[in-house]
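Letter by letter, the chains look like this.
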Amino acid sequence: MYFTKATLDQSAELTRKWEDEVRRSAGTAAEQKARWSTVSDLEIKPLYTPEDIAQTDFARDIGVPGEFPFLRGNQATGYRGRFWTFRMFAGMGSAKDTNTRWHMLLKGGQTGLSTAFDFPTLMGYDSDSPKARGECGRCGVAIDTLEDFLTLMEGIPMDQVTTSMTINPPATALWAMYCAAAEHKGVPLTGIGGTIQNDMLKEFIAQKTFMCPPEPSIRLISDTVEFGAKHVPKWNTISISGYHIREAGATAVQELAFTLRDGIEYVEDVIRRKGLAVDEFAPRLSFFFNAHIDFFEEICKMRAARRIWAKVMRNRFRAQDPRSWWLRFHTQTAGCSLTAQQPYNNVVRTAIEALAAVLGGTQSLHTNSLDEVLSLPSDHAVEIALRTQQIIAEETGVAGTIDPLAGSYFVESLTNEMESKASEYIEKIDAMGGMIAAIDKGFPQMEIADSAYRFQKAIDAGEKVMIGVNKYAAGGSYGIPVVELDEQVEAGQIERLRSAKRKRDSRAVRRDLDDLKAACKTGQNVMPFCIAAVKDMATVQEICDVYREVFGEYRDPGLY
Amino acid sequence: MTDRKIRIMVAKPGLDGHDRGARVLARAFRDAGFEVIYTGCHQSPEQIAAAAIQEDIDVVGLSCLSGAHRYLFPRIVELLKEQGADDITVIGGGIIPEQDFPLLYEAGIKAIFTPGAKLDAIVDWIRTNIVPRN
């Protein structure tokens, strides 16, 4: 028990008094609305007391940082040992353009890199594909061959800086390029660190960057997990992502539940398919959450995530290594909370969301730029976003105490509530036969569609508020400069691709791709074949076309 | 005449997978009593134009958040025109900077809705401007 009986009795008595006082003042100071709820529509009470966490056991449920169940963080020293990694997601235009932005960020005090690829790269198409028309370099950097990748990494110390790559269906191809680039620079695979997102389940659920059907998609992921465990020990081979689930309209509880259930699915697959012991790979699984605008809900979500995962890994998978119990995660502030209207307000939103991520104990953070709701961010807007993190880290003092909100009646109670609601979802998906089965049924997709629709109706009705959109919308129609992409990027990239193809040994590429195809069919790990292929200048699309041919293509069922 | 429902196709052209807005709108149109076809993500302009003609659509609502609207939206209007289907109204939305509006209007996009537009306002625009064809 967290409290003595005497404290609980006193609490009950004082709460009754308080309730009487609330009733008495109802005539003069009635509450502004009948129901208060989080942005995800969890109802919250006006006051929390010891009784709300009467069943919480200090040692079992809360404890200290660095100890099971890690509610309060994985590291015993918290941010005193090391701040979170300042990791700004960046990519635009050509590899050279992006490399310039990266150097600007590193010079500005950023401590890790994070790559945004353009849509053709994300979907496994080359820049000269008819499907790529109009998209090249728009939402990120265009990468077709290892030559582009080497330009991207120009002057980047790959043995010192860790790099995250938001890449999913073509993850094997881009990771192969990273490995090949490291070798080119004389850095061994054991010396590189970083993350590939490589989380296909959330693509089917939410982000819709898919290529092959779920089953073979998971197989390719298990190949990377196995390859990482054996050859690239400092690499996070999956970033199990709730971010996109949330952006698609999920509630915080749905984000928490679907993400962790995706994680369970991956762990099961690697054990079953690859025969690895859980402790051989689980320490390299990482997570990625959204930091939305509802301050306490987000903090509680992140705390609950750590506790649920620790229990899942220890109890469900019998992991022995404490590092397998850790839920390490990156956070990005919520793009969907930003507004095109009165865009400077986005700086304030992002700062509050970033603070929530820090109080939730994130290991790594991207802060959105104020103009990202309109276009790719400008240098100036990115700098403000990075400075926001640095102000939180070095001026506000919040990094000095680990998990400072622990023990708050409200925070612990909401953490418990989110854990219990997420666990219900996880059990439900277990009963359906797992996440792939649930996706086949459209279950998570429709749960999210319901939440997104409900939220939009609430905004339109004014029940939920977005400042500048449905309240205080008057005035303030000040514009901000919008970054325009150079229209020449596409032509330049296509020319680079053609030139790389002209220079290469086409027969070697053909042979590499045939070998890759054979590996796809026999179940051999595809990674060594991808690395060989990219070294011979096989393109992202050529590798992905092998997957499409062998495994087939997934079509969006278009559920709404 | 009036008993024919407005037939709307919500379409996601290009490689962009940001479909939250498109799906919310598809549901709002259904609730408004329209007949709704949602294409799902990753449709080429050719696929969208062909489907709009084949399904006898009154209005196509395009959603794009990747910045590729500058190419994709005009291309779809052009394909419809080429196939003699320029009586199909095309509207669009997504992350569309204001400076791109003239280019899109000139290309034949009849209305553009950006973040912050209310569902009701979009439904009303369609009710006011679209007469179901027979």
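Quick caveat: nothing in here was measured; it's all calculated off a predicted structure. (Residues numbered from 1 in each chain as written. Chains lettered and ligands numbered in written order. Predicted model: local features only at pLDDT ≥ 70, side-chain atom pairs only at ≥ 80, totals over all residues.)

S.K.: Would you take a moment to explain the sheet that holds strand 4 (residues 194-196) of chain A for this structure?
M.R.: The pairing of strands in a sheet comes from backbone hydrogen bonds and takes either a parallel or an antiparallel form. Residue and element names in this part refer to chain A. Taken together, nine strands build an open sheet; the order of strands is 5-4-3-2-1-9-8-7-6 and the sheet is parallel. Edge positions in the open sheet fall to strand 5 (235-236) and strand 6 (238-241), since each of these has one partner strand only. In terms of strand pairing, strand 2 (residues 112-115) meets strand 3 (residues 163-165) through three bridges, oriented parallel. Within the sheet, the bridge partner assigned to Leu-113 lies in strand 3 and is Thr-163. (Pairing = 2+ DSSP bridges. Helix = DSSP H or I, 4+ residues; strand = E, 2+ residues; numbered from the N terminus.)

S.K.: What am I meant to see in the domain arrangement of chain A here?
M.R.: Where interface size is quoted, it is often the accessible area lost as the parts come together. Residue and element names in this part refer to chain A. Each domain of chain A was delimited in the assignment, giving domain 1 (70-460) and domain 2 (493-551). Computed over C-alpha atoms, the centres of domain 1 and domain 2 are 27 Å apart. Taken residue by residue, the interface counts 34 residues in domain 1 and 21 residues in domain 2. For the side of domain 1 that touches domain 2, the elements supplying multiple residues, two or more each, are helix 6 (146-152), helix 7 (171-184) and helix 9 (214-231). Of the residues in the side of domain 1 that touches domain 2, the class split is 18 nonpolar, nine polar and seven charged. (Domains from an automatic or database assignment. Contact = placed C-beta atoms within 7 Å. Nonpolar A, V, L, I, M, F, W, Y, C, P; charged D, E, K, R; others polar.)

S.K.: How do you make sense of the sheet that holds strand 3 (residues 59-64) of chain B when you look at a structure like this?
M.R.: Residues and elements named next belong to chain B. Sheet architecture is open: five strands sit in the order 2-1-3-4-5, paired in parallel fashion. Strands with a single pairing partner mark the edges of an open sheet, and in this sheet they are strand 2 (35-38) and strand 5 (111-113). Mean inter-strand twist for the sheet, computed between neighbouring axes without regard to direction, equals 20°. Pairing between strand 4 (residues 89-94) and strand 5: three bridges, direction parallel. If you follow Gly-92 over to strand 5, its bridge partner there is Ile-112. (Axes fitted to C-alpha atoms, helices over the stretch in contact; angles between N-to-C directions.)

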